[in-house]
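These are the residues of each chain, in order.
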Amino acid sequence: MSDKKTVKTEDTQAKAKRPLSSEEPDVFVLERTFPEADRLLTPSRVPGADNPAVIVALDANVLLLPYRLDTHDFSPIESVYKTLAEQNRLFVPARAVREFIRHRENKLSELIKELGDQQSRIQIPENRTTPLLAQVEAAKELADALQSLKEARKKYIDAITKTKQAIKGWSGDDPVTLIYRQVFSGQNIIEVGIDEDRLKGDWNYRLANRIPPGFKDGGKTDTGIGDFVIWSTLLNLGEREKKDMIFVTADEKGDWFARSTGEAIFARPELVDEYRGRTGKSFRLSSLHQLLSEMKVSEAVVAEVKEAERAANSAPVSASVFVTGEVLYPNMGAASFPILRGQRSFDYSRDDGTLDLGAPPYNFTLQFSKADDSSIHFYRHNESRGIGRIKNPSSAITLEKIDTSSRYCTISVGECFMAENHQGFKLIGKVLAITDDTRGAAADSVVFDYVIIGPSDRLIVP
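The model shown is predicted, which means the values in this text are computed figures rather than measured ones.

(A) Region of the structure containing the overall build of the chain. Looking only at helices and strands, the chain has twelve helices and 17 strands in total. Within the chain, the fraction of its 462 residues that count as buried is 44%. Across the chain, the fraction of contacts at a sequence separation of at least 24, relative to all contacts at a separation of at least 6, is 67%. Total accessible area computed for the chain in this model is approximately 24500 Å², and 52% of it derives from carbon and sulfur atoms.

Put into structure tokens, the structure is as follows:
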């Protein structure tokens, strides 16, 4: 029995060994990602956050979330963090702290802008009392009320000005950062502890083979390695602590979560199995509002945090954000969101023909399969509310003219296709070229221009 187990372990280690120097797709990536098939059939359950046997780690986006809360009272969140820290159960990857610091000033700038917007929206009506109204007894009350309104406006604007000055005077000592200073230290801020060359080599392999997490951020200037650095830190922390882990994150992208109808449901099985393989323990993802609920925080606070998370995940993409092949343009007319435009060339023989585009709420998962060298099959993925074919593209196209009832449609070169996500955003793509490796081409590919528009915006053709 012992010899058999030894052989199995050696085979498993051989399967798990990855060609780190290669950035080409690995045809055996499934075997390397899930090296022990029998382990995959074992349940993975993590108790609630109030269980003393569970450790909790926070993502950068969770550290930033309090800046979006309407309340000025952070004490419930502070109390939970302090409780977990006192029990030696609260941790944060050093990369998450660095990302928090990099984005903190943007959050404070947004607060100042919101205050300025409030100030500009306060309008006082003109006093249009005529000689005729001077004979009306209530006219004096009207004039007095108008004067009181002017005085109240001045008082309010003075308060806004002082508040803005106070925010500008913060230098690493805003209320949120002060809380973190109390609960985090060198003991629970965890460095990745891996050589940078090894990290980059491992990341190149994972990115080429779309192994989570991080590959959905591949268009970023750092190729999305940040999520992988955080994940590597969590693995090393779990290996050291030998405990079940809850990772609290506001990231709902598909390289962390398995999703259904636009909602994040479960941690990706690749993450669960990798954590279990390294630590022998279980792993799950959680939102901040779920963590607070498990720690018995009041329902009112939980609801407010949940709303802040919803707003963070549905906020329009900033026009300062650029992804490879994608450019944001301001919409013309009475549009509610910027337009996202781009062009993609995609090998539809990979990843079951699926292609991920955009970041929430502009995110789409498109699915294609081979037809011939002048047309391609386009499928409705479960991340889409509906799809359709636009046979004769024109500027007059409307949603009502598009048949979105089919599971798939066939698109020819020069035609357009439409997909609607579960947030109501719509992607319109125009097929420019198709190649088929069974008809002499070097690879299977589809090239298309696309635009992404907001839920209430008129349809436009790329």
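(B) Spatial organisation of the pattern of salt bridges. All chains considered together, the criterion is met by 20 salt bridges. Its salt-bridge partner being Arg240, residue Glu241 comes within 2.9 Å of it at the nearest N-O pair. Shared partners join several salt bridges into a network, and the residues in it are Glu36, Arg39 and Asp273.

(C) View of the packing of helix 8 (residues 196-208) against helix 9 (residues 225-241). Close contact between helix 8 and helix 9 brings their axes to 11 Å; oriented N to C, the two are set at 115°. In this structure, helix 8 meets helix 9 at a crossing whose hand is right-handed. The residues of helix 9 that touch helix 8, namely those facing Leu199, Lys200, Asp202, Trp203 and Arg206, are Ile225, Phe228, Val229, Trp231 and Ser232.

(D) Structural detail: the pairing of strand 11 (residues 364-372). Both strand 10 (residues 354-357) and strand 11 contribute to a ladder of four bridges, which runs antiparallel. Residue pairing in the sheet places Asp356 in a bridge with Thr365 of strand 11. Connecting the antiparallel pair strand 10 and strand 11 is a turn made up of six residues, with Gly358 showing a positive phi of about 80°. Looking at chain direction, strand 11 and strand 12 (residues 375-379) are connected through five bridges and run antiparallel. Within strand 12, the residue paired with Gln367 across the bridge is Tyr379. Counting the residues that bridge the hairpin from strand 11 to strand 12 gives two residues.

(E) A look at the nonpolar core. Of all hydrophobic cores here, the largest spans 68 residues; its most connected members are Leu58, Tyr81, Trp231, Phe283, Leu288 and Leu292. If you tally residues by element for this core, the top one is helix 9, at eight residues. In this structure Leu292 touches Ile77, Val80, Val297, Val301, Val302 and Val305, once residues within four positions along its chain are discounted. Counting 24 residues, the second largest nonpolar core, distinct from the first, contains Tyr348, Phe417, Val431 and Phe448.

(F) Inspection of the environment of Pro175 at higher detail. Checked against the element boundaries, Pro175 lands in helix 7 (residues 175-183). Looking at Pro175, the relative accessible area reads 37%, which means it is partly exposed. Spatially, the C-alpha atom of Pro175 lies 8.5 Å from that of Phe74, the residues being 101 residues apart in sequence. Dropping the residues within four chain positions of it, Pro175 is found in contact with Phe74 and Trp170.

(G) Region of the structure containing the pairing of strand 14 (residues 408-412). Going residue by residue along strand 14, you find Cys409 and Ile411 tucked away on one face and Tyr408, Thr410 and Ser412 left uncovered on the opposite face. Here five bridges tie strand 12 to strand 14, and the two strands are oriented antiparallel to one another. Along strand 14, the bridge assignment pairs Phe378 with Cys409.

(H) Highlighting the sheet that holds strand 3 (residues 189-190). With parallel pairing, the five strands of this open sheet are ordered in space as 3-2-1-4-7. What marks the edges here is a single partner per strand, and that holds for strand 3 and strand 7 (283-286). Pairing analysis gives two bridges linking strand 1 (residues 54-58) to strand 2 (residues 90-93), with the strands arranged parallel. Pairing of Ala57 across the sheet is with Phe91, part of strand 2. The sheet contacts of helix 5 (residues 94-121) involve strand 1, strand 2 and strand 3, and relative to strand 2 the element is tilted by about 70°. Helix-sheet contacts for helix 10 (residues 269-279) involve strand 1, strand 4 (244-248) and strand 7, and the interaxial angle to strand 7 is about 135°.

(I) Molecular detail of the environment of Ala443. With respect to the secondary-structure elements, Ala443 resides in the loop between strand 16 (426-435) and strand 17 (445-453). Judged by relative accessible area, Ala443 falls into the partly exposed class, the value being 31%. Separated by 95 residues in the primary sequence, Ala443 and Tyr348 have C-alpha atoms spaced 9.2 Å apart.

(J) Broad picture of helix 10. The buried count for helix 10 comes to eight of eleven residues, which makes it a mostly enclosed element. Within the sequence span of helix 10, burial applies to Glu270, Leu271, Val272, Asp273, Glu274, Tyr275, Arg276 and Thr279. A positive phi of about 75° marks Gly280, the residue just after helix 10.

(K) View of the packing of helix 5 against helix 6 (residues 137-169). Their axes nearest at 10 Å, the elements helix 5 and helix 6 cross at an angle of 170°. As far as their axial angle goes, helix 6 and helix 5 are roughly antiparallel. Every residue of helix 6 that contacts helix 5 at Leu108, Leu111, Ile112, Leu115, Gly116, Gln118 and Gln119 is listed here: Tyr156, Ile157, Ile160, Thr161, Thr163, Lys164, Ile167 and Lys168. Grouping the amino acids of the contact of helix 5 with helix 6 by side-chain chemistry returns eight nonpolar, five polar and two charged.

(L) Expanded view of the packing of aromatic side chains. By the definition in use, this model includes 18 aromatic pairs. When the centroid spacing of 5.4 Å and the interplanar angle of 80° are considered together, the rings of Phe100 and Tyr180 count as edge-to-face. In this pair, Phe100 is assigned in helix 5 and Tyr180 in helix 7, connecting sequence segments 80 residues apart. Grouping residues by exposure puts Phe100 and Tyr180 together as buried. Ring centres of Phe378 and Phe417 lie 4.7 Å apart, and the angle between their planes is 50°; this geometry places the pair in the tilted category. Taken together, the residues Phe378 in strand 12 and Phe417 in strand 15 (residues 416-421) connect sequence positions 39 residues apart. Exposure class is identical for Phe378 and Phe417. Each is buried. Put simply, the rings of Phe346, Phe368, Phe378, Phe417, Phe448 and Tyr450 touch in pairs and so form one group of aromatic residues.

Cut-offs used in this document
Residues numbered from 1 in each chain as written. Predicted model: local features only at pLDDT ≥ 70, side-chain atom pairs only at ≥ 80, totals over all residues. Heavy atoms only, no water. Helix = DSSP H or I, 4+ residues; strand = E, 2+ residues; numbered from the N terminus. Buried < 20%, exposed > 50% of the residue type's maximum accessible area, 1.4 Å probe, protein only. Contact = heavy atoms within 4.5 Å. Areas by Shrake-Rupley, 256 points an atom, 1.4 Å probe, with all protein chains shown as cover. Salt bridge = Lys/Arg side-chain N within 4 Å of Asp/Glu carboxyl O. Axes fitted to C-alpha atoms, helices over the stretch in contact; angles between N-to-C directions. Left-handed = near helix turned anticlockwise from the far one by under 90°. Pairing = 2+ DSSP bridges. Core = buried A, V, L, I, M, F, W, Y, C linked by side-chain atoms within 4.5 Å. Parallel < 35°, antiparallel > 145°, perpendicular 65-115°, else oblique. Nonpolar A, V, L, I, M, F, W, Y, C, P; charged D, E, K, R; others polar. Phe/Tyr/Trp six-rings, centres within 6.5 Å; stacked < 30°, edge-to-face > 60°.

That is the geometry; function is a separate question.
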